[in-house]
Amino acid sequence: MSYLGVFFHNIDSNNRLVMPSGFREKMGQEFVLFKSPDGCVSVYDAETFDGLLEQVRKLTNTSEGRMQARTFTRAAKTVTQDKQGRFTVPADYIEFASLQDGVVITGEGNRLEIWSQAEYEKQNSGEVFVPSAYPQIFY
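This write-up is about the structure you can find in this document. Model, not experiment: these values are computed from the prediction. Within any chain, residue numbers begin from 1 and follow the written order of that chain's sequence. For a predicted model such as this one, the threshold for reporting local features is a pLDDT of at least 70, and the threshold for listing and counting side-chain atom pairs is 80 or more; totals across whole chains, interfaces and linings nevertheless cover every residue. Excluding hydrogens and water, the side-chain figures rest on all heavy atoms present in the structure.

### Regarding the packing of aromatic side chains
By convention here, two paired aromatic rings are described through the distance between centres and the angle between planes.
Line of reasoning, step 1. When the centres of two rings from Phe, Tyr and Trp lie within 6.5 Å, Trp using its six-membered ring, the rings pair. Their planes under 30 degrees apart give stacked, over 60 give edge-to-face, and anything left gives tilted. Applying the stated criterion to the full structure yields eight aromatic pairs.
Line of reasoning, step 2. Judged by centre distance (6.4 Å) and plane angle (50 degrees), the rings of phenylalanine 34 and phenylalanine 49 are tilted. Residue phenylalanine 34 is located in strand S3 (residues 30–35), and its partner phenylalanine 49 is located in helix H2 (residues 46–57); the two are separated by 15 residues in the primary sequence. In terms of burial, phenylalanine 34 and phenylalanine 49 fall into one category: buried.
Line of reasoning, step 3. Pairing tyrosine 44 with phenylalanine 49 gives two aromatic rings, centres 5.9 Å apart and planes at 55 degrees, and the pair type is tilted. Grouping residues by exposure puts tyrosine 44 and phenylalanine 49 together as buried.
Line of reasoning, step 4. Taken together, Phe34, Tyr44, Phe49 and Phe72 form an aromatic cluster joined through their ring pairs. Numbering of helices and strands runs from the N terminus, with a helix taken as a DSSP run of H or I at least four residues long and a strand as a DSSP run of E at least two residues long. Each residue is assigned to one of three classes by its accessible area relative to the maximum for its type, calculated with a 1.4 Å probe on protein chains only: buried under 20%, partly exposed between the two thresholds, exposed over 50%.

### Examining the nonpolar core
Line of reasoning, step 1. Core analysis: the biggest nonpolar cluster contains 21 residues, and Phe87, Leu99 and Ile114 have the highest contact counts within it.
Line of reasoning, step 2. Only S3, strand S4 (41–45), helix H4 (91–96), strand S7 (102–109) and strand S8 (112–116) provide two or more residues apiece to this core.
Line of reasoning, step 3. With sequence-adjacent residues up to four places away left out, isoleucine 114 is seen in contact with Leu17, Cys40, Val41, Val43, Phe87, Leu99, Val103, Val104 and Ile105.
Line of reasoning, step 4. If you look at the next biggest cluster of nonpolar residues, it comprises nine residues, including Tyr44, Ala69, Phe72 and Ala75. The nonpolar core is taken to be a set of buried Ala, Val, Leu, Ile, Met, Phe, Trp, Tyr and Cys residues, with the residues joined through side-chain atoms within 4.5 Å. Any two residues whose heavy atoms approach within 4.5 Å are treated as being in contact.

### Comments concerning H2
Line of reasoning, step 1. Expected span, for any helix, means 1.5 Å times one less than how many residues it has. Counted at 1.5 Å a residue, the expected span for H2 with its 12 residues is 16 Å, and the 16 Å between its end C-alpha atoms agrees.
Line of reasoning, step 2. What H2 keeps buried is the set Phe49, Leu53 and Val56. Down the axis of H2, the smallest arc covering the buried residues is 55 degrees, so these residues share one side. Turned more than 90 degrees off the buried face of H2, the exposed positions are Glu47 and Gln55.
Line of reasoning, step 3. Those residues of H2 hidden inside the fold are in contact with S3, S4, helix H3 (63–74) and strand S5 (76–80).
Line of reasoning, step 4. Counting of polar contacts relies on pairs of N or O atoms within 3.5 Å, with two restrictions inside protein: one atom must be capable of donating a hydrogen and the other of accepting it, and residues adjacent in sequence are counted only when both atoms are side-chain atoms. By the N-cap criterion, in which a side-chain oxygen at the helix start approaches the backbone nitrogen of a residue two or three places on, H2 is capped by aspartate 45, the distance to glutamate 47 being 3.3 Å. Directions drawn from the helix axis to the C-beta atoms are what define this arc.

### Focus on the pattern of salt bridges
Line of reasoning, step 1. Criterion for a salt bridge: a side-chain nitrogen of Lys or Arg within 4 Å of a carboxyl oxygen of Asp or Glu. Taken as a whole and assessed by the stated rule, the structure comprises seven salt bridges.
Line of reasoning, step 2. With its nearest N and O atoms 2.8 Å apart, the salt bridge here joins arginine 86 to aspartate 82.

Quick look at the structure:
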């Protein structure tokens, strides 16, 4: 099962966010938040993130590779969802992605992304889904 779709949610006063119901089981009780270079927070299930981490470990045979690996692991944090599907977004992740009350959670295939609603709307204001823009695999 891939992560697909767009969901609008709010962060509560305790910095908790609700995992979209269709993804709660697949994501698992523990999953990883990652400060994406795109300015959002990426969310990976543990298995997918472990695969990424294994790729990063292959870089550690040089000092530059070790620095890249450190940067990668320092941008990640494991979180746990409660029985209602809520999880706490750490304050530094909220600040990093400018997450306020309204956020947008998007399914991106192998991960979810959490965007501030303002940034999501700004980036997608002219978005039009045109079949000819789809990758050739769909034809």
